[in-house]
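# Report on the structure
Read off the chains here:
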Amino acid sequence: MKRALIFSLAYFPKHVGGAEVAIKEITDRIDPSEIEFHLVCLRFDSTLPLVEKIGNVTVHRIGFARENPSMSDLRGFPLKLNKYLFQFWAAWQAMRLHRRYQFDAIWAMMAHSCGVPAAIMKFFYPDVKYVLTLQEGDPPEYIERLAKPVWPLFVRAFTTADTIQCISHFLAAWAKRMGFAGVPIVVPNAVDVKHFANVFSDAELNDLRMKLGKREGERYVITTSRLVPKNAVDVVIRAMKHLPADVTFLVLGIGPDEAELKALAAYEGVADRVRFLGQVGHAELPKYLRVADVFTRPSRSEGMGNSFVEAMAAGIPVVATQAGGIVDFLFDPEVNPEKPSTGLFAKIGDPEETARQLKRFLDDAVLRDTCTKNAKTLVTAEYDWDLIATKMRDHVFRPLWKTL
């Protein structure tokens, strides 16, 4: 049996994003008799234990904590310091744990924040194999600006990695620009296809429509997005005044921009047609997608974008942009005529074009059915977690052991 230590800023059960979901989905599917996983992350919440077993991962938490912190607590002193101190605190904790467990490999989940402790660990223990996963959704240029105070270590996060796995070809190109000498391995994130393709009864869907107060003839545009600038919820709000009055925008998600986005909806005169529904649990999410008519997130940047793949698995059409890794799976009939169409592209930051593409799906049943059918076929064949976990085991982890 091999042992691997994962660096991740956060982990279950709280403050979970796409990267943390990827860790759990992959580790849950790898036989624990083959790899024993440990993980170092920030604690944030003092009600969480310092050490606990979650799935196939033993979680070791560090950092300042407060009982049940709010979003404002996370952005205030002292919890805000956690993300800066993590880069060195996590390295110290990793070396301490290594003396006890003798890890065969370390795995950094994202270069930003987690690459630096991995690079420090690799410096002191060069024989320990090091995997870097690039999951970043923000533009690489922005991440590089944030990393300037620790730039030499940040660069080493790329140049000392034995393997770099990327969730998109866009991020693979970044790995090469940052000096990785090898060939990046592209293994995307995935979704639980069975969960999102679940067939609900008419009664279940009607109950949700009643809960939402959906009127006769009303049509829903939906997004599942963290409310931050890169996800461009503001662009959809501005697009609403270019869409028919029977179209309502459902916003699923929370984030620091929520108050600003609500103010924007009021300013644009569409507050009565933009509904902020907050955080919806993973179990309920497919049902919300199924009562909607079109999914959109006109991203300004995107490492890959699991929300798009979830919508495709649920069988609703997708309007996106050509930002980052989205182009690996979304093919527009005009932009990519050589491939089966899986969605429509809008220009980044263009409310009118976003509205035009949304309206095409709302009005054209043939286009809608063609794209959703092709998208579901693609997701089922290439983006299911069982398939991705097998690729991670066979193409990322097992080759490391052969070189030990």
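Note: the structure precedes this text.
A brief report on the enclosed structure follows. Keep in mind that what you see is a predicted model, and the values were worked out from it rather than measured. One numbering rule holds for all chains: residues counted from 1, following each sequence as written. Given that the model is predicted, a residue must reach a pLDDT of at least 70 before its local features are reported, and side-chain atom pairs must reach 80 or more before they are shown or counted; all residues, however, enter totals for whole chains, interfaces and linings. Remark: hydrogens and water are excluded; side-chain values derive from all non-hydrogen atoms of the structure.

The next subject is the overall build of the protein. Under the DSSP-based scheme used, a helix requires at least four consecutive residues in state H or I and a strand at least two consecutive residues in state E, with every element numbered from the N terminus. The helix and strand inventory of the protein stands at 16 helices and 14 strands. With C-alpha atoms as the basis for the radius of gyration, the globule rule is written as 2.2 Å multiplied by the number of residues raised to the power 0.38. A compact globule built from 404 residues would reach a C-alpha radius of gyration of about 22 Å, and the protein, at 22 Å, matches this within 12%. The dimensions of the protein, computed from C-alpha atoms along their principal axes, are 65 × 50 × 40 Å. Per-residue burial over the protein gives 55% buried out of 404 residues. It only takes one pair of heavy atoms within 4.5 Å for two residues to be counted as in contact. Intrachain contacts of the protein at a sequence separation of at least 6 include 69% that bridge at least 24 residues. Computed by Shrake-Rupley with a 1.4 Å probe, the accessible areas treat only the displayed protein chains as cover when residues are assessed. For the protein, the exposed surface amounts to about 17200 Å²; the carbon and sulfur share of it is 53%. Positive charges come from Lys and Arg alone, negative charges from Asp and Glu alone, with His and the N- and C-terminal ends not counted. Each charge is placed at NZ for Lys, CZ for Arg, CG for Asp and CD for Glu. Counting 51 positive and 48 negative side-chain charges, the protein places the centres of these two groups 5 Å from one another. The classification of residues rests on relative accessible area computed with a 1.4 Å probe and restricted to protein chains. Under 20% of the type maximum is buried, over 50% is exposed, and intermediate values are partly exposed.

A few words now on the sheet that holds strand 11 (residues 274–278). What makes two strands pair is DSSP finding at least two bridges between them. With parallel pairing, six strands are arranged side by side in an open sheet as 11-10-9-12-13-14. Of all the strands in the sheet, just strand 11 and strand 14 (344–345) have a single pairing partner and so form its edges. Of the pairings in the sheet, the one linking strand 13 (residues 318–320) to strand 14 comprises two bridges and is parallel in character. For valine 319, the partnering residue across the bridge sits in strand 14 and is leucine 344. In this fold helix 13 (residues 306–314) packs onto strand 9 (219–224), strand 12 (294–296) and strand 13, with an angle of close to 160 degrees to the strand it touches most, strand 13. Note on geometry: axes are lines fitted to C-alpha atoms, helical ones only across the stretch in contact, with angles between N-to-C directions running from 0 to 180 degrees.

What counts as a salt bridge is simple: a side-chain nitrogen of Lys or Arg found within 4 Å of a carboxyl oxygen of Asp or Glu. Summed over all chains, the structure comprises 26 salt bridges. Ionic pairing is found between arginine 219 and aspartate 363, a salt bridge with its closest N-O pair at 3.3 Å. Here arginine 219 is found in strand 9, whereas its partner aspartate 363 is found in helix 14 (residues 351–363), with 144 residues between them in sequence. A relative accessible area of 18% places arginine 219 in the buried class. The partly exposed category is assigned to aspartate 363, whose relative accessible area is 45%. The partner of glutamate 302 in a salt bridge is lysine 230, with the nearest N and O atoms 3.0 Å apart. Here glutamate 302 is found in the loop between strand 12 and helix 13, whereas its partner lysine 230 is found in the loop between strand 9 and helix 10 (233–239), with 72 residues between them in sequence. Residue classification places lysine 230 among the buried positions, given a relative accessible area of 15%. What you see here is one network of salt bridges that share partners, running through Asp234, Arg238, Lys241, Glu268 and Arg300.

Two elements in contact, helix 3 (residues 82–101) and helix 4 (residues 115–124), have axes whose closest approach is 8 Å; the angle formed by their N-to-C orientations is 40 degrees. With respect to helix 4, the element helix 3 is oriented oblique. In this structure, the crossing between helix 3 and helix 4 has a hand that is right-handed. Of the residues in helix 4, those touching helix 3 at Phe86, Gln87, Phe88, Ala90, Ala91, Ala94, Met95 and His98 are Val116, Pro117, Ile120, Met121 and Phe124. Gly is placed with the polar residues, together with every amino acid not listed as nonpolar (Ala, Val, Leu, Ile, Met, Phe, Trp, Tyr, Cys and Pro) or charged (Asp, Glu, Lys and Arg). A class-by-class count of the residues in the contact of helix 3 with helix 4 yields 11 nonpolar, two polar and no charged. Here the word oblique covers every angle except those under 35 degrees (roughly parallel), over 145 (roughly antiparallel) and from 65 to 115 (roughly perpendicular). Each crossing gets its hand from how the near helix is turned against the far one by less than a right angle, where anticlockwise is left-handed and clockwise is right-handed.

It is characteristic of soluble globular proteins that their nonpolar side chains tend to be buried jointly. The term nonpolar core refers to a set of buried residues drawn from Ala, Val, Leu, Ile, Met, Phe, Trp, Tyr and Cys, joined through side-chain atoms within 4.5 Å. Of all hydrophobic cores here, the largest spans 83 residues; its most connected members are Leu132, Leu134, Phe158, Ile164, Trp174, Ile222 and Phe329. The leading source of residues in this core is helix 3, at seven residues. If sequence neighbours within four positions are ignored, tryptophan 174 has contacts with Ala111, Leu134, Glu136, Pro140, Ile143, Glu144, Phe154 and Phe158. Judged by nonpolar contacts, the second largest core, of 28 residues, contains Ala4, Ala22, Met109 and Phe397.

If you want to describe how two helices pack, look at the angle between their axes and the distance between the axes. At their nearest, the axes of helix 14 and helix 15 (residues 365–382) sit 5 Å apart, and the two run at 95 degrees to each other. When the interaxial angle is binned, helix 14 and helix 15 end up roughly perpendicular. Listed contacts from helix 15 to Arg360, Phe361, Leu362 and Asp363 of helix 14 are Ala365, Leu367, Arg368 and Cys371. Of the residues contributing to the contact of helix 14 with helix 15, the split by class is five nonpolar, no polar and three charged.

Take the sheet that holds strand 5 (residues 105–109) next. Spatial ordering of the open sheet is given by 3-4-2-1-5-6-7-8, a layout of eight strands whose pairing is mixed. Bordering the open sheet on either side are strand 3 (51–54) and strand 8 (185–186), each of which pairs with just one other strand. As paired elements, strand 5 and strand 6 (residues 129–134) share five bridges and run parallel to each other. Its bridge partner being in strand 6, alanine 108 is matched across the sheet by leucine 132. Those strands touched by helix 1 (residues 18–28) are strand 1 (2–7), strand 2 (35–45), strand 3, strand 4 (57–66) and strand 5, and its axis lies near 145 degrees from that of strand 5. With respect to the sheet, helix 7 (residues 169–177) is in contact with strand 6, strand 7 (163–166) and strand 8, its orientation differing from that of strand 7 by roughly 150 degrees.

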